[in-house]
Amino acid sequence: MFTGIITDIGTIERVERRGDLRVRVATAYDTATVDLGASISCSGVCLTVIDKGPGWFTVDVSGETVARTAQGQWSQGRKLNLERAMKLGDELGGHIVTGHIDGVAEVVRAEPSGDSRVIAFRVVGDLAPYIAAKGSVTVDGVSLTVNAVTDGPQGTEFTVNVIPHTQAVTTLGALAVGQAVNIEIDVLARYLSRMQSLANR
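Small disclaimer: the values here were computed from a predicted structure and weren't measured. (Residues numbered from 1 in each chain as written. Predicted model: local features only at pLDDT ≥ 70, side-chain atom pairs only at ≥ 80, totals over all residues. Heavy atoms only, no water.)

(A) Structural detail: the sheet that holds strand E7 (residues 103–113). The antiparallel closed barrel is built from 6 strands, whose spatial order is E7-E8-E11-E10-E9-E12. The average angle at which neighbouring strand axes cross in this sheet is 45°, direction not considered. In this sheet, strand E11 (residues 155–162) lies alongside strand E10 (residues 142–152) in antiparallel orientation, the contact comprising 6 bridges. Considered in E11, the bridge of Val146 is made with Val160. (Pairing = 2+ DSSP bridges. Helix = DSSP H or I, 4+ residues; strand = E, 2+ residues; numbered from the N terminus. Axes fitted to C-alpha atoms, helices over the stretch in contact; angles between N-to-C directions.)

(B) Region of interest: the layout of surface pockets. Taken as a whole, the second largest pocket encloses approximately 290 Å³ of empty space. Taken together, 15 residues make up the lining of the second largest pocket; nearest its centre are Ile5, Val142, Ser143, Leu144 and Thr166. Those elements that provide at least two residues to the lining of the second largest pocket are E10, E11 and helix H2 (164–169). (1 Å grid on protein atoms, 1.4 Å probe; cavity = no way out; pocket = protein on both sides within 12 Å on 5 of 7 lines; lining within 4 Å. Points joined across faces, edges and corners; volume = space filled by probe spheres on them.)

(C) Main features of the nonpolar core. Residues Phe121, Val137, Val139, Phe158, Val160, Val181 and Ile183 are the most contacted members of the largest nonpolar core, which totals 21 residues. Sorting the residues of this core by element identifies E7, strand E8 (116–123), strand E9 (136–139), E10, E11 and strand E12 (180–185) as the ones contributing at least two each. Once residues lying within four places of it in the same chain are set aside, the contact partners of Val139 are Phe121, Leu144, Leu172, Val181, Asn182 and Ile183. Counting residues in each nonpolar core, the second largest holds 18 residues, with Tyr29, Val34, Cys42 and Leu82 among its members. (Core = buried A, V, L, I, M, F, W, Y, C linked by side-chain atoms within 4.5 Å. Buried < 20%, exposed > 50% of the residue type's maximum accessible area, 1.4 Å probe, protein only. Contact = heavy atoms within 4.5 Å.)

(D) Local environment of unusual backbone geometry. With a phi close to 70°, Lys134 is a non-glycine residue in the positive phi region. Among the secondary structure elements, Lys134 is positioned in the loop between E8 and E9. A positive phi is found at Asp140, a non-glycine position, where the angle reads about 50°. Along the chain, the position of Asp140 falls in the loop between E9 and E10.

(E) Structural view of the pattern of salt bridges. Summed over all chains, the structure comprises 7 salt bridges. Across the salt bridge formed by Glu16 and Arg18, the nearest N and O atoms sit 2.8 Å from each other. In this structure, Arg22 and Asp60 form a salt bridge, with 2.8 Å as the shortest nitrogen-oxygen distance. Here Asp60 lies in strand E5 (residues 56–61) and Arg22 lies in strand E2 (residues 21–26), a separation of 38 residues in the sequence. (Salt bridge = Lys/Arg side-chain N within 4 Å of Asp/Glu carboxyl O.)

(F) Here's a closer look at the environment of Phe158. Assignment of secondary structure puts Phe158 in strand E11. Judged by its relative accessible area of 0%, Phe158 falls in the buried class. Separated by 125 residues in sequence, Phe158 and Thr33 have C-alpha atoms that sit 38 Å apart. Leave out the neighbours within four places in its chain, and Phe158 touches Ile119, Ala120, Phe121, Val123, Ile131, Val137, Val146, Ala148, Val149 and Ile183.

(G) Quick peek at the sheet that holds strand E3 (residues 39–42). Strand order in the closed barrel made by the 6 strands is E1-E2-E5-E4-E3-E6, with antiparallel pairing throughout. If you compare each strand with its neighbour and ignore which way they point, the axes differ by 45° on average. The sheet contact formed by strand E1 (residues 8–17) and E2 spans 6 bridges and is antiparallel. Paired with Arg14 across the strands is Arg24, a residue of E2.

(H) The arrangement of the packing of aromatic side chains in detail. If you walk through the whole model with that rule in mind, you get 1 aromatic pair. Over the ring of Trp56 we find Arg24, and its NZ or CZ is 4.1 Å from the ring centre. (Phe/Tyr/Trp six-rings, centres within 6.5 Å; stacked < 30°, edge-to-face > 60°. Lys NZ or Arg CZ within 6 Å of the ring centre and 35° of its normal.)

(I) Region of the structure containing the pairing of E10. With 4 bridges joining them, E9 and E10 adopt antiparallel strand pairing. Across the sheet, residue Val137 finds its bridge partner in E10, namely Leu144. Following E10, the chain reverses through 2 residues before pairing antiparallel with E11.

Here is the structure:
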């Protein structure tokens, strides 16, 4: 379980293509405090640490994960938003994030607004009903509040406001139009949808 509050930006140092991908990530974390088997959110994807050393850790990325996450996500040199798993008693500064990606969105606009940056994303298909104005959404592992939602023939667009601090401590400040990002919908919306589908039977 995570909160969507990023605590480091890691860099993929090496990718080995086996049955799955084995990915080594450089990090500023004190890896002496990271247990083997621990979960780390890597741009929103919950992955298990299988090896580590000073300033790095390694994870395996399955074919299913590669297929469901943003194109180019698992390539050498790629920056990743990192968050270690919550501990009991930690402050829930963002919202409840599971680290299970629901889909991929595309950046369609990125414009300055004062010192902040307003970014518009487009989602298609089944994700649209779960994106609500003033609701929570996770973009590449970052907990954000949705500003506005617009449904159209080419999909649903939603906007978020990225303040200077978030731009500085995550990869969102460098997002460009056309870039794909990982999306996790609010877990509460997922459960409400399931409850409603059962109630309507």
